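Architecture at a glance
What follows is each chain in one-letter form.
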Amino acid sequence: MKDQIFGVLQRVGRSFMLPIAVLPVAGLLLGIGSSFTNATMIDTYGLQAILGEGTILNMFLTVLSKAGSALFDNLPMIFAVGCAIGMAKKEKEVAALSAVIAYFTMNAAVNAMLVNSGQILDDGSIADFVLQGTITSSVGIQTLQMGVFGGIIVGLGVAALHNRFYTIELPNALAFFSGIRFVPIISTVVY
């Protein structure tokens, strides 16, 4: 029993390695791009001719900064996919697609609940009684601020669903949806 639990925890740890491997590159892109496009730094060192706004180098560094920022802004989705891939036994690409679908579905469902409860108003603004920072935009959907933890929950849940249902056999009338095609369906329903 102890070895089995340890084995599962090892697989969970290994599944985090893929998304974590992206972080240094994202940090370098964001750090270099943001540092060398900072107006205060450019003015302090008199680098307007080289790094000032409108120069080719400034445009390139802005692209680096935006690329790094995009990776950090979408870490929950990256972790959802990485955990699903890492924990799936076989057909890992199906687990990855199912994780993306489940992540979108979860955020859309949370958004609908926030709208129905009056926490997000009809014009898309957040109600006054909602604590600041609890609602954020994730993949373009206003949802609760769950961060990377939300992505990990989706990834692990989808992996569990995938490992349970990727070989399921349905009746002949529904045979098209058997096996790996059933995994995104059940992930959508669950999330």
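Before going into details, it helps to say that this report is about the structure given with it. The structure displayed is predicted, hence computed values, not measured ones.

A cluster of nonpolar side chains, namely Leu174, Phe176, Phe177, Ile185 and Val189, defines an oily patch on the protein surface of about 480 Å² accessible area. Tracing the chain through its elements places leucine 174 in the loop between helix H7 (147–165) and helix H8 (182–190).

Okay, the pairing of strand S2 (residues 141–144) next. Bridge count between strand S1 (residues 135–138) and S2: 4 bridges; the pairing is antiparallel. Across the sheet, the residue bridging to isoleucine 135 is leucine 144, located in S2. Between S1 and S2, which pair antiparallel one after the other, the connecting turn spans 2 residues, and valine 139 there sits at a positive phi close to 45°.

What follows deals with the environment of threonine 44. Mapping threonine 44 onto the fold places it in helix H2 (residues 39–44). Note on threonine 44: relative accessible area 56%, which makes it exposed. For the pair threonine 44 and glycine 140, spaced 96 residues apart in the sequence, the C-alpha separation amounts to 37 Å. Polar contacts involving the side chain of threonine 44 include one to the main-chain carbonyl oxygen of threonine 40, which spans 2.6 Å.

Topologically, threonine 55 is positioned in the loop between helix H3 (48–51) and helix H4 (56–73). Judged by relative accessible area, which is 16%, threonine 55 ranks as buried. Non-local contacts of threonine 55, meaning those with residues more than four positions away in its chain, are made with Gln48, Ala49 and Ile50.

Rules of the game
Residues numbered from 1 in each chain as written. Predicted model: local features only at pLDDT ≥ 70, side-chain atom pairs only at ≥ 80, totals over all residues. Heavy atoms only, no water. Patch = residues over 30% accessible without salt bridge, like charges linked within 9 Å, V, L, I, M, F, W, Y side chains within 5 Å. Areas by Shrake-Rupley, 256 points an atom, 1.4 Å probe, with all protein chains shown as cover. Salt bridge = Lys/Arg side-chain N within 4 Å of Asp/Glu carboxyl O. Helix = DSSP H or I, 4+ residues; strand = E, 2+ residues; numbered from the N terminus. Pairing = 2+ DSSP bridges. Buried < 20%, exposed > 50% of the residue type's maximum accessible area, 1.4 Å probe, protein only. Polar contact = N/O pair within 3.5 Å; in protein donor to acceptor, adjacent residues only side chain to side chain. Contact = heavy atoms within 4.5 Å.

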